[in-house]
Amino acid sequence: MSRREGSSAIVIGAGMAGLVTARVLSDHVDRVRILERDHLPEDAIPRSGVPQGRRAHVLLTAGQRVLDGWFPGLADELRAGGAVAFDTDGLVWHQGGASWTASDLGVCALSMSRPLLETTVRRRLLRQRPNVSVADDTAVDGLVLEDGRVVGVQVDGVQHRADLVVACSGRHTRFLDLLAERGFPAPEVSAIGIDLACGTRVVPRQPDDLTRAVAVEVDDPAQGRRMGRMVPAEGNRWIITLGSFHDDAPPIELAAYEDFARCLASPLIADVLARTEVLTPVLTYRMPTSRRRHVERLDRTPAGFLVLGDAICSLNPVHAQGMSSAVLQAQALGRAIARHGLTSPQLARAFYRQAAKVVDAPWRLAAAADFAHPCTSGPESVGTGLVNRYLDMVLRACRTSIPVARQTLRVQNLLARPASLMTPVMVLRVLLAARRFSVAANPAGHEVGNPVG
Ligand SMILES: Cc1cc2nc3c(=O)[nH]c(=O)nc-3n(C[C@H](O)[C@H](O)[C@H](O)COP(=O)(O)OP(=O)(O)OC[C@H]3O[C@@H](n4cnc5c(N)ncnc54)[C@H](O)[C@@H]3O)c2cc1C
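First, a word on what this report is: a plain description of the structure on this page. (Residues numbered from 1 in each chain as written. Predicted model: local features only at pLDDT ≥ 70, side-chain atom pairs only at ≥ 80, totals over all residues. Heavy atoms only, no water.)

### Overview of the overall build of the chain
No. 1: In terms of helices and strands, the chain carries twelve helices and 19 strands.
No. 2: Taken over the C-alpha atoms alone, the chain extends approximately 70 × 50 × 40 Å along its principal axes.
No. 3: In the chain, of all internal contacts separated by at least 6 residues, the share reaching a separation of at least 24 is 73%.
No. 4: The centroid of the 52 positive side-chain charges in the chain is displaced by 6 Å from the centroid of its 46 negative side-chain charges. (Helix = DSSP H or I, 4+ residues; strand = E, 2+ residues; numbered from the N terminus. Contact = heavy atoms within 4.5 Å. Lys, Arg positive; Asp, Glu negative; His and termini not counted. Charge placed at Lys NZ, Arg CZ, Asp CG, Glu CD.)

Put into structure tokens, the structure is as follows:
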């Protein structure tokens, strides 16, 4: 990879998007500086700039594969640190009226606390890429513009110059607003009102908590708007997240929290809660909207500046696609730089087009699922009802057809595009399998989909 001599880049934010962006830039730029406003702890503990960091973070297969290419052996290092890998054998998925698990279908999620992932990736980045540095306790408060080009950032009144500035400052980034104040167009924003409220507890994980599985997902719209997820994390812990959409927040009082879990369509999470004697508090989190900034539609952007990660698209976290989406966006940035060069005025437009392609699939999938709730508000694409009815059939078909289940999981793990579920062969499989499912009185004993406890 050719680096331009003397070139430099600044990345704003040391979250997951910032770290992977710095990794990609280090191939093309002599010096990469990450500026992070938080104090970055050495140990894997939560920090205030990433409030979602106390909630379960599952790394999907697509993100894992790319990360493992950039940081060889990373997955093993995470596992050595206590992360738990699980394939479809290890997941109890309660969906559509029954619990099911499937034989290994070739996708594998990695579950851990977000701080473990972030600190491990940060350490590897700094160890492996000597041209990358991180300055913490450093809040960027402005961009430096000269002749319509961003040439650096401002920190406490001091200018730091760079050939390229990439803002990975998360969902609430202000940098596009600052540019709008300086006369650049602001991107259109799509916001989907999901009114998600989550309550998370971290409890000890006992060896006999589940018989054959290591993770539980209960997401059954037919049973109401409540969902639950129990995933393993380092230190032999469960991270349990109960959630709901639209005004039905999980309570913070422990007994009421357990009652809420008991109302889910599967008792597995409530059973674990009932057995735990450790009284950890319920941590709450609310996300009123999923939000996408359509940077790809901007007709004018300053050269030398990009946004990436949640700053472009902050997805409904229920689908666990945010970090993998950031990784795939960073990969697209590498391709765009290789093609157009670091300082090209074409870079932003080329990258934003590629980033939009990355973001489109998870955004549309999540939006379709969100609009299954009648209270969800926002721009609903034409045909969403039809798509939802089909996806519902796909989910049922997963239980009786291994090819459908495999492809569905590939799509959910961002390894394949949603359109791959709509080829004529797949539609036929889905129709036949969904029919087999509805004919059977009891879903137990199907090809895949044996209820487990
Ligand atoms: C409840 C919840 C659960 C989630 N679960 C999952 C999951 O299971 N799997 C998954 O893949 N994704 C999950 N996500 C999404 C995931 O957290 C994000 O998509 C991912 O962290 C990418 O974010 P980012 O790096 O763009 O932003 P962030 O993680 O928000 O990081 C932004 C960084 O920028 C820094 N910053 C901001 N402003 C400045 C400034 N002016 N100067 C310097 N630094 C600044 C912040 O301090 C922070 O460190 C979840 C999200 C939520 C809300």
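### A few points about the side chain of R33
No. 1: Note on placement: R33 falls in strand β2 (residues 29-35).
No. 2: In this structure R33 is buried but unpaired, with D163 as the nearest side chain of opposite charge at 8.2 Å. (Buried < 20%, exposed > 50% of the residue type's maximum accessible area, 1.4 Å probe, protein only. Salt bridge = Lys/Arg side-chain N within 4 Å of Asp/Glu carboxyl O.)

### Description of the pattern of salt bridges
No. 1: The tally for this structure, following the rule as stated, stands at 21 salt bridges.
No. 2: Between D27 and R23 there is a salt bridge, with the nearest N and O atoms lying 3.3 Å from each other. Each member of the pair, D27 as well as R23, is classed as buried.
No. 3: As a salt-bridge pair, E146 and R161 come within 3.0 Å of each other at their nearest N and O atoms. Here E146, found in strand β9 (residues 142-146), pairs with R161, found in strand β11 (residues 158-161); they are 15 residues apart in sequence, far enough to count as distant.
No. 4: By relative accessible area, E146 is classed as partly exposed at 36%.
No. 5: The network of salt bridges with common partners includes E36, D38, R47, R114, E118 and R122.

### With respect to the pairing of strand β7 (residues 108-113)
No. 1: Burial within β7 is extensive, with five of its six residues counted as buried.
No. 2: Where strand β3 (residues 56-59) meets β7, four bridges bridge the pair, whose relative direction is antiparallel. Paired with L59 across the two strands is L110, which belongs to β7. (Pairing = 2+ DSSP bridges.)

### Focus on the site of the ligand
No. 1: Close to the ligand lie 33 residues, the nearest being E36, V58, R114, D310 and M323.
No. 2: Backbone polar atom of M323 to an oxygen atom of the ligand: 2.8 Å apart, as the coordinates give it.
No. 3: With the chains in place, 95% of the 1,000 Å² that the ligand exposes on its own is no longer accessible.
No. 4: Looking at the shell around the ligand, the elements with two or more residues in it are α1 (16-25), β3 and α8 (322-340).
No. 5: Among the residues forming the shell around the ligand, the class breakdown is 15 nonpolar, twelve polar and six charged. (Near = heavy atom within 4 Å. Polar contact = N/O pair within 3.5 Å; in protein donor to acceptor, adjacent residues only side chain to side chain. Areas by Shrake-Rupley, 256 points an atom, 1.4 Å probe, with all protein chains shown as cover. Nonpolar A, V, L, I, M, F, W, Y, C, P; charged D, E, K, R; others polar.)

### What to know about the packing of aromatic side chains
No. 1: One pass over the structure, following the stated rule, counts one aromatic pair.
No. 2: Note on F351 and Y352: the rings are 5.7 Å apart at their centroids and 45 degrees apart in plane angle, and the pair reads as tilted.
No. 3: Judged by its relative accessible area of 3%, Y352 is buried.
No. 4: Directly above the ring of F175 sits R174, whose terminal nitrogen or CZ lies 5.8 Å from the centroid.
No. 5: The ring of W238 carries R205 above its face, with NZ or CZ at 5.1 Å from the centroid. (Phe/Tyr/Trp six-rings, centres within 6.5 Å; stacked < 30°, edge-to-face > 60°. Lys NZ or Arg CZ within 6 Å of the ring centre and 35° of its normal.)

Structural measurements only, silent on function.
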